[in-house]
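What follows is each chain in one-letter form.
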Amino acid sequence: MPSQLLVDSSSLPSSSYCVASSSSVGNANHPEWRLTHVCFSHRALFQSAKKCLLPRISTVVRNARSADGGSKGDGRWSLSGQTALVTGGTRGIGRAVVEELVGLGAKVHTCCRNGSELRQCLEEWEGLLGSGISGSLCDVSVGEKRVELMRTVSSVFDGKLNILVNNVGTNIRKPMEEFTPVEFATLLSTNFESAFHLSQLAYPLLKASGQGSVVFTSSVTGFLSLKSMSVHGATKGAINQLTKSLACEWAKDNIRSNAVAPWYIKTSMVEQVLSNEKYLEEVYSRTPLRRLGEPTEVSSLVAFLCLPASSYITGQIICVDGGMSVNGFFPSHS
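These figures come from a predicted structure and were not determined experimentally.

Visitor: Can you help me understand the sheet that holds strand β8 (residues 212–217) in this one?
Guide: Think of a sheet as strands paired side by side through backbone hydrogen bonds, with each pair either parallel or antiparallel. Spatially, the seven strands line up as an open sheet ordered β6-β5-β4-β7-β8-β9-β10, and their pairing is parallel. Across the chains shown, the open sheet's two edge strands, defined by having one partner strand only, are β6 (133–137) and β10 (317–320). Across this sheet, the average inter-strand angle for adjacent strands is 20°, counted without regard to direction. Examined bridge by bridge, strand β9 (residues 255–262) and β10 share four bridges and lie parallel to one another. Paired with Ala259 across the strands is Ile317, a residue of β10. Most of the contacts of helix α3 (residues 115–129) go to β6, to which it runs at about 175°, and overall it touches β5 (107–112) and β6. Contacting β7 (163–166), β8, β9 and β10, helix α9 (residues 295–306) crosses the sheet at an angle of about 165° to β9.

Visitor: Looking at this structure, I do not really get the pattern of salt bridges. What am I missing?
Guide: Here the idea is simple: oppositely charged side chains can pair when their charged atoms come close. Taken as a whole, this structure holds 10 salt bridges when the rule is applied. When the shortest N-O distance is used, the salt bridge between Lys252 and Asp253 registers 3.3 Å. For Lys252, a relative accessible area of 64% gives the class exposed. With its nearest N and O atoms 2.7 Å apart, the salt bridge here joins Arg291 to Glu297. For Glu297, a relative accessible area of 33% puts it in the partly exposed group. Through salt bridges with shared partners, a single ionic network connects Arg95, Glu99 and Glu124.

Visitor: Please clarify how the environment of Asn114 should be interpreted in this entry.
Guide: Within the element layout of this structure, Asn114 appears in the loop between β5 and α3. Of the residues examined, Asn114 reaches a relative accessible area of 34% and is grouped as partly exposed. Linking Asn114 and Asp139, residues 25 residues apart in sequence, is a C-alpha distance of 9.1 Å. Only 2.8 Å separates the side chain of Asn114 from the side chain of Ser116, close enough to count as a polar contact.

Visitor: Looking at this structure, how should I read helix α2 (residues 92–103)?
Guide: In this model α2 runs 17 Å from its N-terminal to its C-terminal C-alpha over 12 residues, within 8% of the 16 Å that 1.5 Å per residue would give. Listed in full, the buried residues belonging to α2 are Ile93, Gly94, Arg95, Ala96, Val97, Val98, Leu101 and Val102. Two residues or fewer after α2 comes Gly105, characterised by a positive phi angle close to 105°.

Visitor: What am I meant to see in the confidence of the model for the chain here?
Guide: Parts of the model with low pLDDT should not have their predicted coordinates read in detail. Here the chain shows a mean pLDDT of 81. Residues at 70 or above account for 76%. Across the chain, strand β4 (residues 83–87) holds the top mean pLDDT of 98, while strand β2 (residues 16–20) sits lowest at 35.

Visitor: I would appreciate a short explanation of the packing of helix α4 (residues 143–156) against helix α5 (residues 181–209) in the present structure.
Guide: In helix packing, the relevant descriptors are the interaxial angle and the interaxial distance, both defined with respect to the helix axes. Look at α4 against α5: their axes get within 10 Å of each other, and the N-to-C directions meet at 35°. Pair α4 / α5 crosses with right-handed handedness. Residue-level contacts link Gly143, Arg146, Val147, Leu149, Met150, Val153 and Ser154 of α4 to Ser189, Glu193, Ser194, His197, Leu198, Leu201, Ala202 and Leu205 of α5. Here the residues of the contact of α4 with α5 are counted per class, giving eight nonpolar, five polar and two charged.

Here is what the cut-offs are and how they apply
Residues numbered from 1 in each chain as written. Predicted model: local features only at pLDDT ≥ 70, side-chain atom pairs only at ≥ 80, totals over all residues. Heavy atoms only, no water. Pairing = 2+ DSSP bridges. Helix = DSSP H or I, 4+ residues; strand = E, 2+ residues; numbered from the N terminus. Axes fitted to C-alpha atoms, helices over the stretch in contact; angles between N-to-C directions. Contact = heavy atoms within 4.5 Å. Salt bridge = Lys/Arg side-chain N within 4 Å of Asp/Glu carboxyl O. Buried < 20%, exposed > 50% of the residue type's maximum accessible area, 1.4 Å probe, protein only. Polar contact = N/O pair within 3.5 Å; in protein donor to acceptor, adjacent residues only side chain to side chain. Expected span 1.5 Å × (residues − 1). pLDDT = per-residue confidence, 0-100. Left-handed = near helix turned anticlockwise from the far one by under 90°. Nonpolar A, V, L, I, M, F, W, Y, C, P; charged D, E, K, R; others polar.

Following this line, the structure appears as structure tokens:
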């Protein structure tokens, strides 16, 4: 970041916090930090924090967008001028990815099925991040809606797209023998068919950009057996194979393909599952880091895989799991 901003931390809400850069002054008790990121522990703090931080955050984001890409000035650590489509970008990992990419200078279009949720996110983003984000309604499990989405993206980005992040997925937890045909079709269409079709639709735009990057959200269930998640794991395993296949087929067009495979991340999707304290303890017992992951710990990897700095990485599925995949997991508590 070419310039940085001094912020009086006494003006911040008590449960928000700043992350200092390597050149910060003082320590955690010092009233002035060089601000690089501001994080909020829960959404209720957003409005109160926005009043005192909005002008300052906006300045930081503008500085980030004008960055030359690092000390070498070669743009390896910047997405300035690049365009991205992030599906499912209004909550959890998807939202973190949207904000990460915009912070690195990209212009992002996102989509979701909930109109009020999309409007709320766009309003908040407009206040904090400026005009770098647009959005539209889309149920990516429906083929016609995927076609409509890509037409919108093509119009917004003038027929070119640098980054496709497919973050949409669903999960039905039950033994395989109990699956109905409708439930199976829902998992297949949402988790795999949407990724396959969106990749097809995005290909001409990615190729036209001259340098493309596709990142899929997979899961550790694509590698390991998890209780009552065999069908979910099958769809994620298919995503892993698609990742490798596209890396080979699209390399000629300078399009890379990678996937991130999270374990349990603190999102609304997993809150109900992890409300069982015995099950949660078993999750911790099989996770060397002994905690759940944060959405930003996934989004940072997604962003890295889109940066020029990672330009020789393709065809990889990278676990973001606190070390869980070295152990495997099959709990005794449901």
